[in-house]
Amino acid sequence: MQIQIFDNYSALSQQLAERILEIVKTNRDTVLCLAAGDTPKLAYRLIAEKAKAERIDFTKCTFIGLDEWVGIPPENEGSCHFFLNNNLFKPLSISSSQVHLFNALSGDLHAECRKMDAVISKTEGIDCMVVGIGMNGHIGFNEPGVSFDLTAHVIHLDDNTRAVGQKYFSEKTVLDKGITLGFQHLLLAKEARLIANGSKKAVILKKAIEEPMHSGVPASIMQSHSNGFIMIDKEAASLLQPATFSAKQKNGHDSKW
Ligand code: PGA
């Protein structure tokens, strides 16, 4: 795992956008799993702007959904579906045949999980997975206590996730279960990038990075990823011990940890 620390959210987003564009330029058939959420929003805007300006071809890419709120329809503005459509797929003119998202309204959610596992198995693997970190350390809806051995699964949402998740909805919404890719998918992704910004993420990031890996802080799984990157701004990195990163990293340069 490498830690990359940036001066601010804008620099982080710029770098993430550049990396995704570079991957797609190198391989038109790229398989991407890009999270919804507040953190990647700016990077997605930059990707769309640059892809248009530089005529970067996304027509052969495949997009895999990370997670979804069970029971929330795609037209609800708080759904991951809605977010990805508006922030990524529409701006990049991605066709629906390129996109595989969880149907969180399915009457058989377990079949939906197996369907998503099969979609991933049929690819040559996820080339790049971009994830956020929840205030409780979750990735996708891999909540505290989750087994690290899972593929796609349905999970009861943690109290913290249900409370924090209200920020995506215009009115109070009952959030009970989530459907999500599991950590087997994350570990098998050829590249995994966890992104976070702001001081509100500093405590949980310190735990995820500096404590030994454990399921109480699911994002600590990143420590065992062979090509994993933690991309954070200075505020999110503010509680890390100096030994965790070198002065060089403060300028946004890579360094092994
Ligand atoms: P956020 O969500 O990007 O909106 O902070 C992160 C997450 O819960 O995974």
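Above this text sits the structure in question.
None of these values were measured; they are calculated from a predicted model.

Comments concerning the sheet that holds strand β8 (residues 177–180)
Here comes step 1: The strand order across the open sheet formed by 3 strands is β4-β8-β7, and the pairing between neighbours is antiparallel. Only two strands of the sheet have a single partner each, and these edge strands are β4 (67–69) and β7 (153–156). For this sheet the average axis-to-axis angle between neighbouring strands, irrespective of direction, equals 25°.
Here comes step 2: As judged from the 3 bridges shared by β4 and β8, these two strands associate in the antiparallel manner. Bridging from a neighbouring strand, glutamate 68 pairs with isoleucine 179 of β8.
Here comes step 3: Together, β7 and β8 form the strand contacts of helix α4 (residues 109–122), whose direction differs from that of β7 by roughly 130°.

Digging into the packing of helix α1 (residues 9–26) against helix α2 (residues 41–53)
Here comes step 1: α2 packs onto α1 with a crossing angle of 50° between their chain directions and a minimal axis gap of 8 Å. Viewed along their axes, α1 and α2 adopt a mutual orientation that is oblique. Here α1 runs over α2; the crossing is right-handed. Contacts between α1 and α2 involve Tyr9, Ser10, Ser13, Gln14, Leu16, Ala17, Glu18, Ile20 and Leu21 from the first element and Lys41, Leu42, Ala43, Leu46, Ile47, Lys50 and Ala51 from the second.
Here comes step 2: Of the residues belonging to the contact of α1 with α2, the class tally is 10 nonpolar, 3 polar and 3 charged.

Some thoughts on the site of the ligand
Here comes step 1: Every residue close to the ligand is listed here: Gly37, Asp38, Thr39, Gly132, Ile133, Gly134, His138, Lys167, Tyr168 and Lys201.
Here comes step 2: Its free accessible area being 280 Å², the ligand has 87% of it covered by the protein chains.

Quick notes on the side chain of lysine 201
Here comes step 1: Considering the arrangement of structural elements, one finds lysine 201 in the loop between β9 (192–196) and α7 (202–210).
Here comes step 2: The charged side chain of lysine 201 is buried without a salt bridge, its nearest counter-charge being aspartate 38 at 7.6 Å.
Here comes step 3: There is a polar contact of 3.0 Å between the side chain of lysine 201 and the backbone oxygen of isoleucine 133.
Here comes step 4: Once residues within four sequence positions are removed from consideration, lysine 201 is found in contact with Thr39, Ile133, Met135, Ala196 and Ala236.

Criteria and cut-off values
- Residues numbered from 1 in each chain as written.
- Predicted model: local features only at pLDDT ≥ 70, side-chain atom pairs only at ≥ 80, totals over all residues.
- Heavy atoms only, no water.
- Pairing = 2+ DSSP bridges.
- Helix = DSSP H or I, 4+ residues; strand = E, 2+ residues; numbered from the N terminus.
- Axes fitted to C-alpha atoms, helices over the stretch in contact; angles between N-to-C directions.
- Contact = heavy atoms within 4.5 Å.
- Parallel < 35°, antiparallel > 145°, perpendicular 65-115°, else oblique.
- Left-handed = near helix turned anticlockwise from the far one by under 90°.
- Nonpolar A, V, L, I, M, F, W, Y, C, P; charged D, E, K, R; others polar.
- Near = heavy atom within 4 Å.
- Areas by Shrake-Rupley, 256 points an atom, 1.4 Å probe, with all protein chains shown as cover.
- Buried < 20%, exposed > 50% of the residue type's maximum accessible area, 1.4 Å probe, protein only.
- Lys, Arg positive; Asp, Glu negative; His and termini not counted.
- Salt bridge = Lys/Arg side-chain N within 4 Å of Asp/Glu carboxyl O.
- Polar contact = N/O pair within 3.5 Å; in protein donor to acceptor, adjacent residues only side chain to side chain.

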